[in-house]
Structures are given as C-alpha cells and as structure tokens.
Amino acid sequence: MFWVLLLVLAWGAAAAACARLCLAAVRAAAVGRGTGDDHDHDLTLYEAAFLSGGPGRVAELTLVSMARQRRLLLAHTGWATVVDPHGQDEMERSVIGAIGPQGQSRIAPVRTATAAADAVRSLADRLVRAGLAVPDGPRTTVTTGVRQVRGAALLVLALGTVALSMPGATGMPRWHVALWFALPLALTLGCLAIARVEVPPGARWASPAGQRLLGALARRADDTGSGTSTQDERTYLTSVAVLGIRAAEPHLRAAFGHREPFPRD
C-alpha cells in the first residue's frame, strides 16, 4: 500500500499550491478595488502600456512612437539608430540614453535598459499610488503561485506514474489507482484554468480600477475609428500600448523579433 503514501503526498502538494494561489489572487484583486474616482483619470499612452504589459510594453511603445515620427530607425535586422538625439520626454530620453553615444544599438538591450530606467519606475510608482497598478509584492506572489500550481501538477503526474509502475500488487485494480491520482491532478489543472480566466495577463500589472480604465480606453479608441491623422495615430499607438508589438506593422514586428544566428564553430 505504498501507493497510498504517494497519493497523500500528491494531495498535499496540490491542495497547498492551489490554496496559496487562491489567497494570492484574492489579495491582488483587492488592490485598487476601493478606488472610487478612477473615472476622473484619463490614461496616458505610457500608463496604458504599463497597465497592459508592464515596463517592457512601455519601452516597446516608446520605440514604436519614435520610429513612427522618423526620429528613430528600427531596422528589420534588429538594430535601432538615433535620428533625432533630443527626446521629447523622459521616456524618449531613456531610450536615447540606452542606445548610447554611438547612436546605434541592438533593439533587445535597448528595450531591457529602457524598461529598467528611472522614468519607468517613476511611472509605476505613480500608478501604484493611484490604485491603478498592482504593487510588486502581490504581483510577484500571484506569478509564483501559478508556477507552484504547475509544479504541483507535474509532481502529481510523476507520483501517479511511480505508483502505477510499482512492481507487485497494489491491493486494487490499477485503474482505481489512476483514478485516485486523477483527482488531485484535476484540482491543479482546474485551478490553472480558473486563474487563466480570472487573472488575465493584464491583471498582472493592472488593478481592478486600472483594468476598468483600460477597457474604457479601448472602447474610446474603437469609437473614434478613422478620423484625422492625429486621431488615427493615437488609435494606432493605443493598440500598440494595449496589445503590444503584435499590433504594429510587419517590419516593426520583424525588428523586435529578430534574433542573431548562432555563430558556427
């Protein structure tokens, strides 16, 4: 009956991981829930980018915006070249500083350096104080909880495999043993499925109040439709802020997605 001990371990791991994820999700959802004046806050594009995709999304939006204004060249080979060295705001100056005095750099390190810049951290702090962004603690806890549940699912699967492959009689049909291990496995997989629905990717950064503002921003962009060139440009950049680089033109997607080939010996 050694398989019973393995089953107890499987249930313990699954229950503990799912409980931690549920508690973390509840705490993260409580952030910003009491904000009553969020309708008075008009999100900037940088704020929308952070709430949708975090610091990396802010860096992507800044690079795309500068490229659209022909003040930065983003080549499909993955290089960024400065055309206008005078940034119009702190984000753009962070990009130019990340590219360096040579005026040219790979896009990937520029994106990483810009995402870690003081301007982005200040933006994050403002959004957290306004109750629109999730602080680092709850956000990290939810991410860790999801990883733990995934690990518990793999552990249950491994323990079940060991139990079924044990030599000798288990005291009951093997399909009964498999059914018992299927229960904690279903618990972990169900918890992951619920987390995927209840904690969407944007919720990693945006509080409930921030998510409401993002929804309102997307609706306004849809209602605006095609109009003046200024409106069209803002609608385009709003799509990049909310959806990421996949909303950009193919040549820009190629620039961000370019990878250097591995050197051959």
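Residues numbered from 1 in each chain as written. Predicted model: local features only at pLDDT ≥ 70, side-chain atom pairs only at ≥ 80, totals over all residues. Heavy atoms only, no water.

*Asks:* Now, about the nonpolar core: what can you tell me, with residues and values included?
*Replies:* Residues Phe 50, Leu 51 and Leu 74 are the most contacted members of the largest nonpolar core, which totals 45 residues. Take this core: its biggest share by element is twelve residues, from helix α2 (residues 45-68). In terms of nonpolar packing, the next biggest core, distinct from the first, is built from eleven residues, Trp 3, Leu 6, Leu 7 and Val 177 among them. (Core = buried A, V, L, I, M, F, W, Y, C linked by side-chain atoms within 4.5 Å. Buried < 20%, exposed > 50% of the residue type's maximum accessible area, 1.4 Å probe, protein only. Helix = DSSP H or I, 4+ residues; strand = E, 2+ residues; numbered from the N terminus.)

*Asks:* Can you break down helix α5 (residues 118-129) residue by residue, with the values?
*Replies:* Spanning twelve residues, α5 covers 16 Å between terminal C-alpha atoms, matching the ideal 16 Å at 1.5 Å per step. Residues of α5 that are buried: Ala 119, Val 120, Leu 123, Ala 124 and Leu 127. When α5 is viewed along its axis, its buried side chains cluster within an angular range of 140° and face the same direction. Of the exposed residues in α5, the ones pointing more than 90 degrees away from its buried face are Asp 118 and Arg 129. Looking at the buried side of α5, the elements it contacts are α2, α3 (90-99) and α4 (107-115). Of the residues flanking the end of α5, it is Gly 131, one or two places downstream, whose phi is positive at about 80°. (Expected span 1.5 Å × (residues − 1). Arc of directions from axis to C-beta. Contact = heavy atoms within 4.5 Å.)

*Asks:* Please give an account of the sheet that holds strand β2 (residues 79-82) that cites residues and values.
*Replies:* Reading across from one edge, β1-β2-β3 is the order of the three strands in this open sheet, with antiparallel pairing throughout. At either margin of the open sheet sits one strand with a lone partner, and together these are β1 (72-74) and β3 (104-106). Strand-to-strand twist of the sheet, defined as the mean angle between neighbouring strand axes without regard to direction, takes the value 20°. Bridging between β1 and β2 involves three bridges; their strand directions are antiparallel. For Leu 72, the partnering residue across the bridge sits in β2 and is Val 82. (Pairing = 2+ DSSP bridges. Axes fitted to C-alpha atoms, helices over the stretch in contact; angles between N-to-C directions.)

*Asks:* Go over a positive patch on the surface with me, naming the residues and quoting the values.
*Replies:* There is a patch of like positive charges on the surface, built from Arg 147, Arg 150, Arg 196 and Arg 204. Position of Arg 147 among the secondary structure elements: in helix α6 (residues 136-165). Accessibility expressed as a relative area gives 51% for Arg 147, which makes it exposed. (Patch = residues over 30% accessible without salt bridge, like charges linked within 9 Å, V, L, I, M, F, W, Y side chains within 5 Å. Areas by Shrake-Rupley, 256 points an atom, 1.4 Å probe, with all protein chains shown as cover. Salt bridge = Lys/Arg side-chain N within 4 Å of Asp/Glu carboxyl O. Lys, Arg positive; Asp, Glu negative; His and termini not counted. Charge placed at Lys NZ, Arg CZ, Asp CG, Glu CD.)

*Asks:* With reference to specific residues and values, describe the pattern of salt bridges.
*Replies:* Oppositely charged side chains can pair when the atoms bearing their charge come close. Under the definition given, this model contains seven salt bridges. The closest approach of N and O atoms between Glu 92 and Arg 71, which form a salt bridge, is 2.6 Å. Placement of Glu 92 in helix α3 and of Arg 71 in the loop between α2 and β1 is noted, with a sequence separation of 21 residues between them. As far as the burial class goes, Glu 92 and Arg 71 line up, both buried.

*Asks:* Any chance you could break down the confidence of the model for the protein chain for me, citing the residues and the numbers?
*Replies:* Mean pLDDT over the protein chain stands at 84; residues scoring 70 or higher make up 83%. Long-range and interchain partners of residues 261-265, a stretch whose pLDDT sits below 50, account for zero contacts in this model, where long-range means more than four residues apart. (pLDDT = per-residue confidence, 0-100.)

*Asks:* Describe the environment of Thr 81, naming the residues involved and giving the relevant values.
*Replies:* Along the polypeptide, Thr 81 turns up in strand β2. Between the C-alpha atom of Thr 81 and that of Arg 71, which follows or precedes it by ten residues, the distance is 8.8 Å. Side chain to side chain, Thr 81 and Gln 104 meet in a polar contact 3.0 Å long. (Polar contact = N/O pair within 3.5 Å; in protein donor to acceptor, adjacent residues only side chain to side chain.)

*Asks:* Give a detailed account of the packing of aromatic side chains, specifying residues and quantitative values.
*Replies:* All told, the structure shown has one aromatic pair when counted by the stated rule. Judged by centre distance (5.6 Å) and plane angle (65°), the ring pair of Phe 50 and Trp 205 falls under edge-to-face. In this pair, Phe 50 sits in helix α2 while Trp 205 sits in the loop between α7 (174-198) and α8 (208-224), placing the two residues 155 residues apart along the sequence. For the residue pair Phe 50 and Trp 205, the accessibility class agrees, reading buried in each case. Looking at Arg 68, its charged tip hangs above the ring of Tyr 236, at a distance of 3.8 Å from the centre. (Phe/Tyr/Trp six-rings, centres within 6.5 Å; stacked < 30°, edge-to-face > 60°. Lys NZ or Arg CZ within 6 Å of the ring centre and 35° of its normal.)

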